[in-house]
Amino acid sequence: MLAALAGVPQTPPPFWLMRQAGRYLPEYRQVRTQAGGFLDLCMNPELACEVTLQPLRRYGMDAAILFSDILIIPHALGQGLRFAEGEGPVLDAIRDQQGLLKLDLDGLHRKAAPVYETVSRIRASLDERTALIGFAGSPWTVACYMVEGGGSKEYAHVKRFAYTDPVGFNRLIDILVEATVEYLSMQIKAGAELVQLFDSWAGALSAADFQRFVVAPTRRITAALKERHPGTPIIGFPRMAGLNLEGFVEQAGVDAVSLDPGVPAAWAAQHLQGKVAVQGNLDPVLLIAGGEEMDHAVLDLLETLGNGPFIFNLGHGIIKETPPENVSRLAGLIRDWKPATRD
């Protein structure tokens, strides 16, 4: 993983899968029943460490990713958060500057301390060949949840806040930039060897707003982390960014970019891979389907991106209906792959 992130092509490429620990695994579901709520599981270092390690025992990925959630930061800042069964996250919405007064940066590390302990436990459990990925949500995506009060299709509340009170909304972004730097820095100190920033709702923005709310905050975070932790790679994942990806790669300061399924691999090889390592981008539904369709897509990705700095991954997280045996098949395809010889 670290060699690929440093720009050195690997054969076969390293691989891990977003949401590789989760509901598609029976052993995860068993642990989940012990934990209580989802947030309880995220904040239980012993159980969070266990579910982080479960997919590695089955499939031998080249990296473990901390089992947690991108909404730990607003929770640790003091915003009310719960996970409703069948609904996803529900937050006490913040829609004006008055709501920002409830956020407490001073309490961040105290409330997030169980996450840092989880990172330490995972690192102590891994061999030296397996990298440990820390992560956080990017400021724009986390702000979406904080202002909308949960998931959204229109992002009307968060955009209204940004457009009608730019001073207040920029203050929220500033708080999240500072909190994200602190949070990821502590994960790195606890044992994370690289980190990923998830900007799941980057595709909801115009080109100008993408620059303001995705590129600029990411650049501030990467600059601060690189000053504190030189040599720690940072992967950016501005999902559904489309044509904005080139500017993101050139300006955001990341060492690698993760691609959603809509990004053509050949385009990424031509326009992105010469600048940073690329990660991705198998459609998660193909991992449910399996069979020859999956095999062909996997091999196409390997042939297209495998000759440059590349980390094999999905274009988004594993879906809960994924058969575990399909993940085994995927792992075998990647491990057995060799570049085609060309005369």
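Residues numbered from 1 in each chain as written. Predicted model: local features only at pLDDT ≥ 70, side-chain atom pairs only at ≥ 80, totals over all residues. Heavy atoms only, no water.

Novice: Please clarify how the packing of aromatic side chains should be interpreted in this entry.
Specialist: The way to describe two aromatic rings as a pair is by their centre distance and the angle between their planes. Under the definition given, this model contains 14 aromatic pairs. Chaining the aromatic ring pairs together yields one cluster made of Y28, F38, F67 and F83. (Phe/Tyr/Trp six-rings, centres within 6.5 Å; stacked < 30°, edge-to-face > 60°.)

Novice: Please explain the packing of helix 4 (residues 45–59) against helix 7 (residues 108–125) as it appears in this structure.
Specialist: Each packed pair of helices is defined by two parameters, the angle between the axes and the distance between the axes. The geometry of helix 4 relative to helix 7 is characterised by a closest axis approach of 9 Å and an angle of 45 degrees between their N-to-C directions. Here helix 4 lies oblique to helix 7, going by the angle between them. Helix-helix and strand crossings are classified by hand; for helix 4 and helix 7 the assignment is right-handed. For the pair helix 4 and helix 7, contact is made by P45, E46, A48, C49, T52 and L53 and by P114, E117, T118, R121, I122 and S125, respectively. Each residue belonging to the contact of helix 4 with helix 7 can be placed in one class, and the counts come to 6 nonpolar, 3 polar and 3 charged. (Axes fitted to C-alpha atoms, helices over the stretch in contact; angles between N-to-C directions. Helix = DSSP H or I, 4+ residues; strand = E, 2+ residues; numbered from the N terminus. Parallel < 35°, antiparallel > 145°, perpendicular 65-115°, else oblique. Left-handed = near helix turned anticlockwise from the far one by under 90°. Contact = heavy atoms within 4.5 Å. Nonpolar A, V, L, I, M, F, W, Y, C, P; charged D, E, K, R; others polar.)

Novice: Any chance you could explain the environment of G253 here in plain terms?
Specialist: Locating G253 in the fold gives a position in the loop between helix 12 (245–251) and strand 7 (256–258). For G253 and P13, which are 240 residues apart along the polypeptide, the C-alpha to C-alpha distance reads 23 Å. The residues contacting G253, other than those within four sequence positions of it, are T222 and K226.

Novice: Explain the pattern of salt bridges to me, please; I cannot follow it from the model alone.
Specialist: Overall, the coordinates contain 12 salt bridges when judged by the stated rule. Between R220 and D174 there is a salt bridge whose closest N-O contact spans 3.0 Å. Taken as a pair, R220 in helix 11 (residues 207–228) and D174 in helix 10 (residues 166–190) lie far apart in primary sequence, 46 residues in all. Residue classification places R220 among the partly exposed residues on the basis of a relative accessible area of 39%. (Salt bridge = Lys/Arg side-chain N within 4 Å of Asp/Glu carboxyl O. Buried < 20%, exposed > 50% of the residue type's maximum accessible area, 1.4 Å probe, protein only.)

Novice: Before we go on, may I ask you to explain the pairing of strand 6 (residues 234–238) in this structure?
Specialist: Most of strand 6 is tucked away: 5 of the 5 residues are buried. Where burial is concerned, the two faces of strand 6 agree: the one with I234, G236 and P238 and the one with I235 and F237 are both buried. Viewed along the sheet, the connection from strand 5 (residues 194–199) through helix 11 into strand 6 turns out right-handed. Handedness of the strand 6-helix 12-strand 7 crossover: right-handed. (Right-handed = clockwise from strand over helix to strand, strands pointing away.)

Novice: Before we go on, may I ask you to explain the sheet that holds strand 6 in this structure?
Specialist: Within a beta sheet, neighbouring strands are joined by backbone hydrogen bonds and run either parallel or antiparallel to one another. Spatially, the 7 strands line up as an open sheet ordered 1-4-5-6-7-8-9, and their pairing is parallel. Two strands bound the open sheet, and with one partner strand each, they are strand 1 (63–65) and strand 9 (310–314). Within this sheet the neighbouring strands show an average axis-to-axis angle of 25 degrees, counted without direction. Note that strand 5 and strand 6 share 5 bridges and pair parallel. (Pairing = 2+ DSSP bridges.)

Novice: Explain the UniProt feature "site: Transition state stabilizer" (unreviewed entry) in the protein to me, please; I cannot follow it from the model alone.
Specialist: Under the feature "site: Transition state stabilizer" (unreviewed entry), the UniProt entry names D69. Examined against the element boundaries, D69 turns out to sit in the loop between strand 1 and helix 5 (72–77). We classify D69 as buried; its relative accessible area is 18%. Residues contacting D69, with those up to four places away along its chain left out, are F38, C42, F83 and F135. (UniProt positions renumbered as here; feature names shortened; annotations may be inferred.)

Novice: Teacher, can you tell me more about unusual backbone geometry here?
Specialist: Among all residues save glycine, negative phi is the norm, and among peptide bonds the norm is trans. That bond from T11 to P12 is cis: its omega, -5 degrees, falls within 30 degrees of zero. By the element assignment, P12 lies in the loop between helix 1 (2–5) and helix 2 (26–35). Cis peptide bonds are those with omega within 30 degrees of zero, and the linkage from G280 to N281 qualifies with -20 degrees. Among the secondary structure elements, N281 is positioned in strand 8 (residues 277–282). In the Ramachandran plot, Y155 falls in the positive-phi region, its phi being about 60 degrees despite a non-glycine side chain. Residue position: Y155 is located in the loop between helix 8 (139–148) and helix 9 (156–164). A relative accessible area of 10% means that Y155 is categorised as buried. Phi at M240 is positive, roughly 60 degrees, even though this residue is not glycine.

Novice: Would you take a moment to explain the UniProt feature "binding site: substrate" (unreviewed entry) in the protein for this structure?
Specialist: Under the local residue numbering, the UniProt record ascribes the feature "binding site: substrate" (unreviewed entry) to R19, Q20, A21, G22, R23, D69, Y145, S200 and H316. Considering the C-alpha atoms alone, the annotated residues occupy 298 residues of sequence and remain spread out, their largest mutual distance being 22.9 Å. When residues no more than four places from it in sequence are discounted, the contact partners of Q20 are L25, P55, L56, M61, A63, A64, I65 and I318. Overall, Y145 belongs to the buried group, its relative accessible area being 13%. For Y145, the contacting residues outside a window of four places in its chain are I70, L71, P89, L91, G150, G151 and W201.

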